[in-house]
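Coordinate inspection notes
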Amino acid sequence: MASLETNKIDVQKFHDEIEKYPMLCQSCGMCEAVCPSGAIKISQNPYSQFVPYLDIDKCIGCTKCIKACPVRENMYKSTSVIGPYYKIFLAKSTTKEDVENGSSGGVITALTQYGLDKGIFDEVLTQTSKDFKVISTPQYIKETRKESGSKYISAPLCSVFDRKKCNVVATALPCQAKAIKKQNTDTFIMGLFCSKLSLEDLAKYVAKKNKRKYEDIKKITYRRGNWPGKFKMEFVDTSKNIEENLNRSQFNAAYNSYNFSCSGCLLCDDYFAESADISFGDPWGKKQYVDGYIGETVVIVRTKRGMEFVEKAIEDNAISVSEIDLLDVIRGHLKEIYNKKTALLQRINTFEKESNAMKDYDKKVLIDIKNFKILNKYSIHNNWKRRVNTKKYNRMMKSSMKVMFFVRFSHAFLLSKRLKNSKNLQHYFNVALEEKIEREK
Ligand SMILES: Cc1cc2nc3c(=O)[nH]c(=O)nc-3n(C[C@H](O)[C@H](O)[C@H](O)COP(=O)(O)OP(=O)(O)OC[C@H]3O[C@@H](n4cnc5c(N)ncnc54)[C@H](O)[C@@H]3O)c2cc1C
Ligand code: SF4
Ligand code: SF4
Ligand code: SF4
């Protein structure tokens, strides 16, 4: 057995590597929650990313923080692009308020509230608007209707995770879902599809671009109303509020440019929240921006208990459902699938030239398209080390918009070519099917 001192050396090394390469941290916050001696505090680094800070004098060398981290190993060996599942469908809350306030069809809100009302869950761990200005507050709550909607700026959800709590449901991004799953509790996980998460710098950038003071921001609402919703940044002086259609908003353009993404997202292999009981996302591709379309949620049910829960909710009319084809889901999310399952391979390869911290990650599950290097080069170049500097960001944004156009086009083109080649498509389906059968045994 390793001695305490050897463990402490490993722990120090683990945290030093994160300090040097913040992309080794996905800001989930779980290391703080599991540390028995209060040696870890999650706070923002100079690039406003939430990372752990270690006080080695308080550390007792238990290595729980290392074991809890979801980053350096892949938990599932699934090569299916959507992960294991029982059923996929489109859904909508039957409560009008949920659909209007929710990001897609208000289904997470409807289901979490249904679970609380029926006594299936006692509490919900989620990102709340308590103290909310720009960064949301992770918290256990007993009423979810006030909290609907996606919060696109990073906050360490799992830093408040309490493994002693029972009958709990968590709404979690894929990295947070993995960290929760690793804790082996009975926490029910409602996972959100996720391409990336942004840092606080994004709000600073949007405020500055609009000649508003960042300090005067009162509240940000990312998506409200008809799908995909409106972005609203409210200020102390309400006449200065910014309200735009999400698709045409500066926020969305900057968000999708990757310039403000949490660097940990660059080493992320999970888009569909594969370790959740149920995963939720937008109906991209399937539904275009039609005026008056109020929104629906793509739902992937992955576990038996997830299936039983959803069936009850449908029976009790908490949500209404309709069919969606797996192929439509894959088509609608091609770019993100490509980014997580293929372009990641090049990013890890590039990263390995710098450090061997990802040595235990099994790259075999990633899909190898060797000659696609643009996203890899582009993302690493822009995210490795950076600070808030509007001039620099303006320049980066201009060039990145051009690059993103090309990247998106190439992603869609390359992957749709792959998918048209039925051998690959068949492969995805077969793996998904095998996992489904495996779970049903
Ligand atoms: C950062 C982020 C990135 C996303 N990226 C994609 C994407 O690329 N493609 C896609 O199809 N969908 C993505 N989603 C999911 C999508 O935006 C919707 O959340 C999803 O479709 C569910 O919609 P809904 O109306 O059913 O949920 P709602 O009824 O609106 O409920 C959302 C629930 O999630 C909780 N929540 C909000 N933000 C967070 C957060 N940051 N961490 C944990 N819990 C949170 C809320 O508190 C609420 O309980 C993303 C969501 C987030 C937060
Ligand atoms: S090794 Fe244990 S005590 Fe030390 S920082 Fe990690 S979790 Fe805390
Ligand atoms: S990813 Fe989570 S567990 Fe790992 S170092 Fe970052 S905050 Fe800690
Ligand atoms: S992209 Fe991955 S690492 Fe980044 S927030 Fe989403 S799930 Fe977490």
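Note that the structure is a prediction, hence the values are computed from the model and not measured.

Description of the overall build of the chain
Of regular secondary structure, the chain possesses 14 helices and 13 strands. Taking as baseline every contact in the chain between residues at least 6 positions apart, the subset at least 24 positions apart corresponds to 69%.

A look at unusual backbone geometry
Looking along the chain, the bond that leaves Trp-227 and enters Pro-228 is cis, with omega of 0 degrees. The topology assignment puts Pro-228 in the loop between β8 (217–224) and β9 (230–235). Positioned with a positive phi, Asn-317 is a non-glycine residue whose angle comes to about 65 degrees. Positionally, Asn-317 belongs in the loop between α9 (304–315) and β13 (319–323). In this structure Asn-317 comes out as exposed when scored by C-beta crowding, with 10 C-beta atoms within 10 Å.

What about the pairing of β8?
Here β8 pairs with β9 via five bridges, running antiparallel. Residue pairing across strands places Ile-220 opposite Met-233, the latter belonging to β9. Where β8 hands over to β9, the hairpin turn is made up of five residues, of which Gly-225 adopts a positive phi near 85 degrees.

Describing the sheet that holds β9
Spatial ordering of the open sheet is given by β8-β9-β10, a layout of three strands whose pairing is antiparallel. Edge positions in the sheet fall to β8 and β10 (242–245), since each has one partner strand and no second. Across the sheet, the axes of successive neighbouring strands diverge by a mean angle of 5 degrees, strand direction being ignored. Judged from the four bridges that link them, β9 and β10 form a sheet pairing that is antiparallel. What sits directly across from Phe-231, in β10, is Glu-244.

Considering the site of ligand 1
If you check the shell around ligand 1, you find 34 residues, and the closest are Gly-102, Thr-109, Ser-195, Gly-281 and Asp-282. Where the shell around ligand 1 is concerned, the elements lending two or more residues are α5 (107–117), β4 (123–128), β6 (168–172) and β11 (278–281). Element by element, the count of residues in the shell around ligand 1 is highest for α5, at four residues. Split into classes, the residues belonging to the shell around ligand 1 amount to 12 nonpolar, 17 polar and five charged.

A few points about the sheet that holds β11
Ordered by their spatial adjacency, eight strands build an open sheet running β5-β4-β6-β7-β11-β12-β3-β13, and the pairing between neighbours is mixed. Since the sheet does not close on itself, it has two edges, and those belong to β5 (137–141) and β13, each with one partner. Between one strand and the next, the sheet's axes are offset by a mean angle of 25 degrees, whatever the strand orientation. Sheet topology places strand β3 (residues 87–93) next to strand β12 (residues 297–301); five bridges connect them, and they run antiparallel. The residue bridging Lys-87 from the neighbouring strand is Val-301, located in β12. In the packing of α5 onto the sheet, contacts are made with β3, β4, β6, β7 (188–192), β11, β12 and β13, and the angle to β3 comes to roughly 85 degrees.

What counts and how
- Residues numbered from 1 in each chain as written.
- Chains lettered and ligands numbered in written order.
- Predicted model: local features only at pLDDT ≥ 70, side-chain atom pairs only at ≥ 80, totals over all residues.
- Helix = DSSP H or I, 4+ residues; strand = E, 2+ residues; numbered from the N terminus.
- Contact = placed C-beta atoms within 7 Å.
- Buried ≥ 20, exposed ≤ 12 C-beta atoms within 10 Å, placed from the backbone.
- Pairing = 2+ DSSP bridges.
- Axes fitted to C-alpha atoms, helices over the stretch in contact; angles between N-to-C directions.
- Near = placed C-beta within 6 Å.
- Nonpolar A, V, L, I, M, F, W, Y, C, P; charged D, E, K, R; others polar.

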